[in-house]
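# Coordinate analysis (summary)
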Amino acid sequence: MIAAQAKLVYHLNKYYNEKCQARKAAIAKTIREVCKVVSDVLKEVEVQEPRFISSLNEMDNRYEGLEVVSPTEFEVVLYLNQMGVFNFVDDGSLPGCAVLKLSDGRKRSMSLWVEFITASGYLSARKIRSRFQTLVAQAVDKCSYRDVVKMVADTSEVKLRIRDRYVVQITPAFKCTGIWPRSAAHWPLPHIPWPGPNRVAEVKAEGFNLLSKECHSLAGKQSSAESDAWVLQFAEAENRLQMGGCRKKCLSILKTLRDRHLELPGQPLNNYHMKTLVSYECEKHPRESDWDESCLGDRLNGILLQLISCLQCRRCPHYFLPNLDLFQGKPHSALENAAKQTWRLAREILTNPKSLEKL
């Protein structure tokens, strides 16, 4: 048994050193190329409208606010200034979303974003995004990369297509630090020793983002109040949780397997599903020793089996907001197909670790 485990870990490490590192290097190169174009567009936007200041800065070889959705798809979060005069309200009526309401009607004129405040005192995510979309469209025509970049039409999101190969969504957002959403108040679960009080304090201090984007949990029932809502995102908190042991390596292998074998019709699976399942696996295996390099095979196998279970039940709860289903709106047939493909993959890896050389 131990020999079989060791053999699997050996092949997984080989896979990581060859396939995962090659994927990382290729994506890093793409990110540099894409960020040059996006920075140029955002510089133009800032000239027209100084309230939208580019926050796309490179630090320690990574760009703050940039998420890799897939090797050809990226999201850049553009942090806006001065949320000050608004209260953050998440009463659970909009799963995965919250609203920003003026703390005092008399402060309306003091807000930097005065013309985007609705009559009932909410800062409208949709209105800000609509204005931003207009500015980006103008900037694309003026910027020095105008020959290789164009806006993606037929969406309320701000998306750029670059060199006909890459798609980048630019999402206006507010960073919320020092507060924690009520809809995530159950975390951490009281009976689970992971991640420990110090890490919990760090994660909560890291806070979360409020994004101006279409909320899939509201699709089809958008009232005006709902389209003014902001989407909760916990990217930095999740990154902080997944530090230590073989967690990052495990996620990297899952992403590489997804890119190579689970990029399927209907797009049932993305990297974020993988990241979410790693967080759940951390809860199931709370001891640091469970994430020792020698356990890499067990953890990967556990996550793939959990993924199959989620796909078969057609439900993948968000880690911090379990009322939010990350499979919402995905076609059932696509989820079934993904379950079959994931099962094939898991079986192959478990019964014949050497097959990783071909995967």
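You'll find the structure just up there.
Right, let's walk through the structure included here. (Residues numbered from 1 in each chain as written. Predicted model: local features only at pLDDT ≥ 70, side-chain atom pairs only at ≥ 80, totals over all residues. Heavy atoms only, no water.)

### Some points on the overall build of the protein
Broken down by element type, the protein carries 9 helices and 11 strands. Along the first, second and third principal axes, the C-alpha set of the protein runs to 70 × 50 × 40 Å. Buried positions account for 50% of the 359 residues belonging to the protein. Within the structure as shown, the protein displays about 16900 Å² of accessible surface, and the carbon and sulfur contribution to it stands at 51%. Charge separation in the protein, taken as the distance between the mean sites of 51 positive and 41 negative side-chain charges, equals 2 Å. (Helix = DSSP H or I, 4+ residues; strand = E, 2+ residues; numbered from the N terminus. Buried < 20%, exposed > 50% of the residue type's maximum accessible area, 1.4 Å probe, protein only. Areas by Shrake-Rupley, 256 points an atom, 1.4 Å probe, with all protein chains shown as cover. Lys, Arg positive; Asp, Glu negative; His and termini not counted. Charge placed at Lys NZ, Arg CZ, Asp CG, Glu CD.)

### Thoughts on the pattern of salt bridges
Following the criterion strictly, the structure yields 27 salt bridges and no others. With a shortest N-O distance of 3.5 Å, Arg199 and Glu202 are connected by a salt bridge. In this pair, Arg199 and Glu202 are both assigned in helix H3 (residues 197-206), 3 residues apart and thus about one turn of the helix distant. Given a relative accessible area of 24%, Arg199 falls into the partly exposed group. Of the charged contacts, one joins Lys354 and Glu357 as a salt bridge, the two residues approaching to 3.2 Å between their closest N and O atoms. Taking relative accessible area as the criterion, Glu357 reaches 37% and is therefore assigned partly exposed. Taken together, the salt bridges that share partners define one network made up of Arg23, Arg258, Asp259 and Glu263. (Salt bridge = Lys/Arg side-chain N within 4 Å of Asp/Glu carboxyl O.)

### With respect to the packing of helix H6 (residues 247-261) against helix H8 (residues 296-313)
Helix packing for two helices is described by the angle between their axes and how far apart those axes are. Orientation of H6 relative to H8, taken along the N-to-C sense of each, is 50 degrees, at an axis distance of 10 Å. Accordingly, the angle class assigned to the pair H6 and H8 is oblique. Our pair here, H6 against H8, has a crossing hand that is right-handed. Side by side, H6 and H8 meet where Lys249, Cys250, Ile253 and Leu254 of the first sit next to Leu296, Arg299, Leu300, Ile303 and Leu304 of the second. Considered class by class, the residues forming the contact of H6 with H8 number 7 nonpolar, no polar and 2 charged. (Axes fitted to C-alpha atoms, helices over the stretch in contact; angles between N-to-C directions. Parallel < 35°, antiparallel > 145°, perpendicular 65-115°, else oblique. Left-handed = near helix turned anticlockwise from the far one by under 90°. Contact = heavy atoms within 4.5 Å. Nonpolar A, V, L, I, M, F, W, Y, C, P; charged D, E, K, R; others polar.)

### Some remarks on the nonpolar core
Counting residues in hydrophobic clusters, the biggest one holds 102 residues, and the most contacted among them are Val38, Leu123 and Phe320. Counting 10 residues, the second largest nonpolar core, distinct from the first, contains Val77, Leu94, Ala229 and Val231. (Core = buried A, V, L, I, M, F, W, Y, C linked by side-chain atoms within 4.5 Å.)

### Here's the deal with the packing of aromatic side chains
One pass over the full model with this rule turns up 14 aromatic pairs. When the centroid spacing of 5.4 Å and the interplanar angle of 85 degrees are considered together, the rings of Trp180 and Phe320 count as edge-to-face. Here the residue Trp180 occupies a position in the loop between strand S9 (166-176) and H3, and Phe320 occupies one in the loop between H8 and helix H9 (332-351), the gap between them amounting to 140 residues. With respect to burial, Trp180 and Phe320 carry one shared label: buried. Residues Trp187 and Phe320 carry aromatic rings whose centres are separated by 5.1 Å and whose planes lie at 80 degrees to one another, so their mutual orientation is edge-to-face. Taken together, the residues Trp187 in the loop between S9 and H3 and Phe320 in the loop between H8 and H9 connect sequence positions 133 residues apart. As far as the burial class goes, Trp187 and Phe320 line up, both buried. One aromatic cluster is present, built from ring pairs that chain together Phe88, Trp180, Trp187, Phe208, Phe234, Tyr280, Tyr319 and Phe320. Positioned over the ring face of Tyr122 is Lys101, at 4.8 Å from the centre of the ring. Positioned above the aromatic ring of Tyr79, the side-chain terminus of Lys175 is 4.4 Å from the ring centre. (Phe/Tyr/Trp six-rings, centres within 6.5 Å; stacked < 30°, edge-to-face > 60°. Lys NZ or Arg CZ within 6 Å of the ring centre and 35° of its normal.)

### Considerations on the state of the cysteines
With the rule as written, the count across this model stands at 0 disulfides. The cysteine Cys35 is free of any disulfide, with Cys143 supplying the nearest cysteine sulfur at 14 Å. Here Cys35 falls in the buried class, since its relative accessible area comes to 1%. (Disulfide = S-S within 2.5 Å.)

### Observations concerning unusual backbone geometry
Residue Pro188 is bonded to the preceding Trp187 through a cis peptide linkage, with omega at 0 degrees. Residue placement: Pro188 occurs in the loop between S9 and H3. With an omega of 5 degrees, the peptide bond running from Trp194 to Pro195 counts as cis. Checked against the element boundaries, Pro195 lands in the loop between S9 and H3. Notably, Arg314 is not glycine yet its phi reads approximately 60 degrees, a positive angle. On the secondary structure map, Arg314 appears in the loop between H8 and H9.

Taken by themselves, the reported measurements are silent on function.
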